[in-house]
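Structure assessment
One-letter residues, chain by chain:
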Amino acid sequence: MTNNNNNNQINDGKNKNEQNWFYSETVKEHFFNPRNIFKTDSEAVEYAKTADGIGMVGSPACGDMMKVWIKVKDDRIAECKWQTFGCASAIASTSVMSVMVTENGGMKLADAMKLKPADIVKKLENLPERKIHCSVLGDQALKAAIKDYEKKKNNQEKNDYS
């Protein structure tokens, strides 16, 4: 689709003569088909009942918010689900992150705590410079979920010894 008023163009990715989609194919795939995302609040509420850790970062006031739920098995992230109010970059980067931490039997918690936005961006095959800050939402929410899990685990251990 092209809007020729004032030479402004809107690209639908189909016309080779127009400006190309400035995201990688991986970003595009994860934006249009996000993995491990909750599509409804009722899904998230139900999952929260059995989640081992929940992390939330961002601010609803500014529009960017990310929430991550994890399930842990044998000190590895067995499942990672999420929900966001964010842009295409935030959606794609969190989708990729959720795959990264659950593939191959799940990432060890200690390794997941070391995950950096640059690791996610690399897996996305790059992001525009002005969108890098969007990739931090997912890893920050993941770290908050891991900390929540560890706090719950420590509290449970204390109760077990009481």
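The structure contained in this document is the topic of the report that follows. Here the structure is a predicted model, which is why all the values come from computation and not from measurement. (Residues numbered from 1 in each chain as written. Predicted model: local features only at pLDDT ≥ 70, side-chain atom pairs only at ≥ 80, totals over all residues. Heavy atoms only, no water.)

Brief notes about the nonpolar core
- Counting residues in each nonpolar core, the largest one holds 33 residues, and the members touching the most others are V68, I70, I77, C80, M97, V101 and L142.
- Within the residue set of this core, elements represented by two or more residues are β2 (64-73), β3 (76-85), α3 (88-102), α4 (109-113), α5 (117-123) and α6 (136-161).
- For this core, the element with the most residues is α3, which contributes eight residues.
- If we skip the residues at most four places from it in the chain, I77 touches I70, K71, V101, T102, G106, M107, L109, A112, L142 and I146.
- Counting residues in each nonpolar core, the second largest holds five residues, with F38, A44, Y47 and A51 among its members. (Core = buried A, V, L, I, M, F, W, Y, C linked by side-chain atoms within 4.5 Å. Buried < 20%, exposed > 50% of the residue type's maximum accessible area, 1.4 Å probe, protein only. Helix = DSSP H or I, 4+ residues; strand = E, 2+ residues; numbered from the N terminus. Contact = heavy atoms within 4.5 Å.)

Looking at unusual backbone geometry
- If you check the backbone angles, N36 has positive phi at about 60° while not being a glycine.
- By the element assignment, N36 lies in the loop between α1 (25-32) and α2 (41-48).
- Residue N36 is classed as partly exposed on the basis of its relative accessible area, which comes to 26%.
- At N104, a residue that is not glycine, the phi angle is positive and equals roughly 55°.
- Along the chain, N104 turns up in the loop between α3 and α4.
- N104 sits in the exposed class, given a relative accessible area of 75%.

Re the packing of aromatic side chains
- Taken as a whole and judged by the stated rule, the model has three aromatic pairs.
- Residues F38 and W69 carry aromatic rings whose centres are separated by 4.9 Å and whose planes lie at 85° to one another, so their mutual orientation is edge-to-face. Of this pair, F38 sits in the loop between α1 and α2 while W69 is found in strand β2, placing the two residues 31 residues apart along the sequence.
- W69 sits in the buried class, given a relative accessible area of 2%.
- Aromatic rings pair up to connect F38, Y47 and W69 into one cluster. (Phe/Tyr/Trp six-rings, centres within 6.5 Å; stacked < 30°, edge-to-face > 60°.)

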